[in-house]
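Remarks on the overall topology
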Amino acid sequence: MENIKKIKQYMGYILFYGFARYLPKPNCIVKPIGMFSKKIRNFCGYLMLEECGKNVNICNMAVFSMKVKLGDNSGIGVRANITGPCTIGNNVIMGPDVCIFTRNHNIERVDIPIKYQGDTEEKEVIIGDDCWIGCRVIILPGVTIGKGVVVGAGAVVSKDIPDFAVVVGNPGKIIKIRGGEKKID
């Protein structure tokens, strides 16, 4: 059974990276072509992702690991880059050019050039339900983003974010909690 799953994943991988990622956006000028392209990319996602929910939206030019778990009604944005294990909850929207990193370079030794030190261990990134990840957000390894979080465009998220927070900037800073609580200073 595990072999069949791996074969499906690799078939989805070949289909997606062979041609589906290059197909037009869903909102292209010729609407039926865009919607067909979306269906092809989503089918590839169902095959290749570790878990894939219903009614997902995998956008064109995205690059992502087969270790991604994508929840119902969620998406992987245009030109997104997800490098390893990542759990994306339900109803998550993602802007273009989002980068989610799950490993980094080792930098501890000073007697060896960084490029020869290898990588750190993978650390899963978890994004809760009902989040909005803005354009060009960078999320670093091991970060957990709570439920209902909004991450503003261009933010760099290096620490865990609590539920319903609004995060902006580099480094990412919580500026308020959604739902009427006062601004955080």
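One can find the structure itself at the top, above this paragraph.
Throughout what follows, the structure given in this document is the object of discussion. All figures in this text were calculated on a predicted structure; none of them were measured in a lab.

1. Notes on helix α2 (residues 31–48)
- The first and last C-alpha atoms of α2 sit 26 Å apart over 18 residues, in line with the 26 Å expected at 1.5 Å per residue.
- Of the positions making up α2, those classed as buried are Gly 34, Ser 37, Lys 38, Arg 41, Asn 42, Cys 44, Gly 45, Leu 47 and Met 48.
- Looking at the packing, one finds that the buried side of α2 touches α1 (2–18), β1 (51–52), β2 (57–58) and β3 (63–64).

2. Observations concerning the pairing of strand β17 (residues 173–177)
- Sheet analysis places strand β16 (residues 165–168) next to β17, joined by four bridges and oriented antiparallel. Across the sheet, the residue bridging to Val 166 is Lys 176, located in β17.
- Following β16, the chain reverses through four residues before pairing antiparallel with β17; Gly 169 in that reversal takes a positive phi of roughly 90°.

3. Re α1
- Taking 1.5 Å of rise per residue, 17 residues should cover 24 Å, and α1 covers 24 Å from first to last C-alpha, within 8% of that figure.
- Turning to α1, its buried residues number three or more, namely Gln 9, Gly 12, Phe 16 and Tyr 17. In a view along the axis of α1, the buried residues occupy a sector of 110°, so they form one face of it. In α1, the exposed residues that point more than 90 degrees away from the buried face are Asn 3, Ile 7, Ile 14 and Gly 18.

The rules we used
Residues numbered from 1 in each chain as written. Predicted model: local features only at pLDDT ≥ 70, side-chain atom pairs only at ≥ 80, totals over all residues. Heavy atoms only, no water. Helix = DSSP H or I, 4+ residues; strand = E, 2+ residues; numbered from the N terminus. Expected span 1.5 Å × (residues − 1). Buried < 20%, exposed > 50% of the residue type's maximum accessible area, 1.4 Å probe, protein only. Contact = heavy atoms within 4.5 Å. Pairing = 2+ DSSP bridges. Arc of directions from axis to C-beta.

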